[in-house]
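Secondary and tertiary structure notes
Each chain, written out:
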Amino acid sequence: MYFVLCVLWLLFVTASNVSAFENVTYTNVTTTRTTFNETKTVAPSNTAKHDYAVHDAKNIAIDRYVTPFIYLVGFPGNILSFIIWIQKRMRHSSGCYLAALALDDFVFLSLHVVFELHMAWQVHLLNTTMVCQVFPIVFMASQYLGPLLVLGFTTERYISICHPFRREKYCTVRRAKIVIAILVVLAICLSAVQGYFYTMHAGSLNNDTSTSSNDTHQQSMDCGPRPEVSAGGTTSLMLLWNLSIEILTFLLVPLAVLSLNILVIAELRRMSRVESHTLQSHSQRTSATTVMLLAVSFYLILTTLPVTIVYSLFFEFNYENLIHPNGSLINPEDPQNQRVMTYELVLTSIKEYGTTQYAFNIFIYVITGKIFRKELKKLFLRAVCAKFTLSIPKEYSSLKSSVRGSNKTKSVWVSMNGHGDNELRDTEETNV
């Protein structure tokens, strides 16, 4: 009963969160954009940018200096993870899901760079018709796909542990690839409507006095929601669609992952009490993979739900008394406005924490995956050896070839039975 009440409360606060930001987005009091599933507060006009930048200095500093650190970890981490998970030795069904997750995280971070340049650094890369409509489709699809992939391998692990007799049928590499393809198509279908929601429309007037008289009062074009899909407030088409999809992907999917994880953990505890000594080694190898997948799925939950909870507190703060329509601050010393500023700082910080789910999975793999650590070490050793080989003089190449040729017969003779190498690979695959 308590779990059901928690789910209902989260559904309510998520709906409140989306409704609140949707209403604020299109008022004249302040411009808080929820474009592409991110929340940024920007000045409503060019003349007010300086005043608002002073007020929002800490938030801008977090966006400009913390986010690059996430990129610094995420880009090489996802590349290394993808390379390792596509190795033949690691290409089991769970490895397929984790390789797809690493690739999806890399795509998201790449698109997030463009988004941060547009919003935090005011480098307007999205203000062209084609980019304005295509970018939100791909950007939102990359966000939807991550939780769906985690749900995919969590479901597979649940079948493998709780229904072991169905493992051979459902937990295969071929089926994993089919499920991943279906999830990619599903994520794109869920985000495809964003291409219609966003379009170019007239922005603020450019009254820059440094320009010539012929260039003054030019009206800029901004990428934003269509008026027909955003009209209606809490009953607008855009709000209802985004609310439905985000409840599905960022609330119900993590809760489903949590439920499956609880069942898997309960079954593992039951198995540990009743299994015989002869099955202990196999159970340890299975648990090694399970621990890694549980850690990845729990990290998704821990980085998704806190962001939803913090967003749900939006109704506790009154933004209408914070920013004047001309962009200047209204009584910044007011305690109520100070509370709003503190909330904005916490919101920006927790958003950065939520972004780490797209960058820090490699730490989970290294900590919980013995074979992953071995493959990572071998990858670095190959890179070092390749660099060292390039520095070897050419006269040594013939000696190197002859040594390899002398060992060739021995290698063939050892593998003549056709079983030893495959059995070793199968044993190592189960101990990720």
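Residues numbered from 1 in each chain as written. Predicted model: local features only at pLDDT ≥ 70, side-chain atom pairs only at ≥ 80, totals over all residues. Heavy atoms only, no water.

Within an unreviewed UniProt entry, the label attached to the protein chain reads G-protein coupled receptors family 1 profile domain-containing protein, and the organism entered is Pomacea canaliculata. As its UniProt record puts it under Subcellular location (unreviewed entry), the protein chain is described as follows: "Membrane". (UniProt positions renumbered as here; feature names shortened; annotations may be inferred.)

On to the confidence of the model for the protein chain. Overall, the predicted model of the protein chain reaches an average pLDDT of 74, with 65% of residues at or above 70. Here strand β1 (residues 31-33) is the element of the protein chain with the lowest mean pLDDT, 31, and helix α8 (residues 173-191) is the one with the highest, 96. Overall, residues 205-217 carries pLDDT values under 50, and its contacts beyond four positions in sequence, including any with other chains, amount to 12 contacts. (pLDDT = per-residue confidence, 0-100. Helix = DSSP H or I, 4+ residues; strand = E, 2+ residues; numbered from the N terminus. Contact = heavy atoms within 4.5 Å.)

A cluster of nonpolar side chains, namely L103, V107, M130, V134 and V138, defines an oily patch on the protein surface of about 400 Å² accessible area. Per element, the largest residue contribution to the nonpolar patch is three residues, and it comes from helix α6 (residues 129-162). One can find L103 in helix α5 (residues 93-119). When its relative accessible area of 42% is taken as the criterion, L103 is described as partly exposed. (Patch = residues over 30% accessible without salt bridge, like charges linked within 9 Å, V, L, I, M, F, W, Y side chains within 5 Å. Areas by Shrake-Rupley, 256 points an atom, 1.4 Å probe, with all protein chains shown as cover. Salt bridge = Lys/Arg side-chain N within 4 Å of Asp/Glu carboxyl O. Buried < 20%, exposed > 50% of the residue type's maximum accessible area, 1.4 Å probe, protein only.)

What follows deals with helix α13 (residues 335-355). Between the first and last C-alpha of α13 there are 30 Å, a value that for 21 residues agrees with the 30 Å anticipated at 1.5 Å per step. Where α13 is concerned, the buried positions are N337, V340, Y343, E344, L347, T348, I350, K351, E352, G354 and T355. (Expected span 1.5 Å × (residues − 1).)

Here the focus is the pattern of salt bridges. Between side chains of opposite charge, a pair can form when the charged atoms approach closely. Per the counting criterion, the structure on display carries six salt bridges. Residue E228 is joined to R226 by a salt bridge in which the shortest nitrogen-to-oxygen separation is 4.0 Å. By relative accessible area, E228 is classed as partly exposed at 48%. Residue R226 is classed as buried on the basis of its relative accessible area of 19%.

Next up on the list: the packing of aromatic side chains. A full pass over the atoms with the stated rule returns 13 aromatic pairs. Ring centres 5.4 Å apart and planes at 40° place the aromatic pair W85 and F372 in the tilted group. A residue pair is termed long-range when its members are at least 10 positions apart, and W85 in helix α4 (residues 67-85) and F372 in helix α15 (residues 370-390) qualify at 287 residues. In this pair, the class of W85 matches that of F372, namely buried. Among the aromatic residues, ring-to-ring pairing joins F108, F115, F135, F139 and Y358 into one connected group. One cation-aromatic arrangement involves R64 over W121; the distance from NZ or CZ to the ring centre is 4.3 Å. (Phe/Tyr/Trp six-rings, centres within 6.5 Å; stacked < 30°, edge-to-face > 60°. Lys NZ or Arg CZ within 6 Å of the ring centre and 35° of its normal.)

Attention now moves to the UniProt feature "transmembrane region" (unreviewed entry) in the protein chain. UniProt annotation of "transmembrane region" (unreviewed entry) refers to residues 65-85, 97-115, 135-155, 176-197, 247-268, 289-314 and 355-372 when read in the numbering used here. Segment residues 135-155 splits into 100% helix and 0% strand. End C-alpha atoms: 31 Å apart.

Where α6 contacts α8, the two axes come as close as 8 Å, and the packing angle between them is 145°. Two packed elements cross with a definite hand, and for α6 against α8 that hand is right-handed. Touching I137, M140, A141, Y144, L145, L148, L149 and E156 of α6 are A176, I180, L183, V184, L186, A187, I188, L190 and S191, all from α8. When the residues that make up the contact of α6 with α8 are grouped by side-chain class, the tally is 15 nonpolar, one polar and one charged. (Axes fitted to C-alpha atoms, helices over the stretch in contact; angles between N-to-C directions. Left-handed = near helix turned anticlockwise from the far one by under 90°. Nonpolar A, V, L, I, M, F, W, Y, C, P; charged D, E, K, R; others polar.)

Phi is positive for Q122, which is not a glycine, with a value near 60°. Within the secondary structure layout, Q122 lies in the loop between α5 and α6. Using a relative accessible area of 35% as the deciding quantity, one classes Q122 as partly exposed.

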